[in-house]
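Summary of structural features
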Amino acid sequence: MKYETSVQIITAGSQYDLGVVIKYRITSWGSPELGRFGPPENYDPGSPPEFDVESVNVNDGKASYEAPQWLADIITDDECVTGEMIDLAFEERQAAREDAAEARREALRDER
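Okay, so let's go over this structure. The structure presented is a predicted model; accordingly, all values stated were derived computationally and were not measured.

Describing the overall build of the protein
- A count of helices and strands for the protein gives 2 helices and 4 strands.
- For the protein, the α and β elements follow one another from N to C terminus as β-β-β-β-α-α.
- For the protein, the proportion of its 112 residues judged to be buried stands at 19%.
- Residue pairs at least 24 apart in sequence account for 49% of intrachain contacts in the protein once pairs closer than 6 positions are excluded.
- Accessible surface, the protein: about 8300 Å² in total, of which carbon and sulfur atoms supply 51%.

This is how it looks when you write it as C-alpha cells:
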C-alpha cells in the first residue's frame, strides 16, 4: 500500500518555509521484541519497519519541485520524519482493517 505524508520545514533566520510531500510504501512492518525476560539465548531485539521512498517533492509556496537526491536523503534520514511516516502508515493500515471488518459485519447482518 502506498502512503503520503507532508512535512513543514522552517529554516531558522530564513525567509523561506518549505512544504515537503513524501510518497512512500512500507515494505516490511518489522517484528516486535521477543524473549526479553527469558534466557539470553531466546532474546530477539526485533526489527523496525522498512519503507521505500518513491518521491520527495518540495513546495516553496509558488511551485512544487522534485527534491534533489541529497535533500531527499537528508529528509528521509531524519528519525522524527521517518517515525511520523511509519506512524501515519500504521494508523491508515489499522483504519483500513477496521473499515473492512465493519463492512464484513454489515454484510453478514444484511444476509440475515
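Concerning the nonpolar core
- Within the largest apolar cluster, 14 residues are counted, with the highest numbers of intra-cluster contacts made by Val20, Ile22, Tyr24, Ile26, Val56 and Ile75.
- Where this core is concerned, the elements lending two or more residues are β2 (17-28), β3 (50-59), α1 (69-77) and α2 (79-111).

A word on a negative patch on the surface
- Taken together, the side chains of Asp73, Asp77, Asp78 and Glu79 define an acidic patch exposed on the protein surface.
- Tracing the sequence through the fold places Asp73 in helix α1.

Reading the values: the criteria
- Per chain, residues are indexed from 1 in the order of the written sequence.
- Per-residue local features of the predicted model are confined to residues with pLDDT of at least 70, and side-chain atom pairs are confined, for both listing and counting, to 80 or more; whole-chain, interface and lining totals are unaffected and use all residues.
- Here the side-chain values reflect all heavy atoms present in the structure, with hydrogen atoms and water set aside.
- Secondary structure follows DSSP: runs of H or I at least 4 residues long count as helices, runs of E at least 2 residues long count as strands, and numbering of each begins at the N terminus.
- To sort residues, take the accessible area from a 1.4 Å probe on protein chains only and compare it with the maximum for the residue type: under 20% means buried, over 50% means exposed, and anything in between is partly exposed.
- Two residues qualify as a contact provided that any one of their heavy atoms is within 4.5 Å of a heavy atom in the partner residue.
- Each accessible area is a Shrake-Rupley result for a 1.4 Å probe, and residues are judged covered by the shown protein chains and nothing else.
- As used here, the term nonpolar core means buried Ala, Val, Leu, Ile, Met, Phe, Trp, Tyr and Cys residues forming a set that is joined through side-chain atoms within 4.5 Å.
- Patch rule: a residue counts if its relative accessible area is over 30% and it has no salt bridge; like charges are joined within 9 Å, and nonpolar side chains (Val, Leu, Ile, Met, Phe, Trp, Tyr) within 5 Å.
- The term salt bridge refers to a side-chain nitrogen of Lys or Arg lying within 4 Å of a carboxyl oxygen of Asp or Glu.
- The charge count treats Lys and Arg as positive and Asp and Glu as negative. His and the chain ends do not count.
- Positions of charges follow a simple convention, taking NZ of Lys, CZ of Arg, CG of Asp or CD of Glu.

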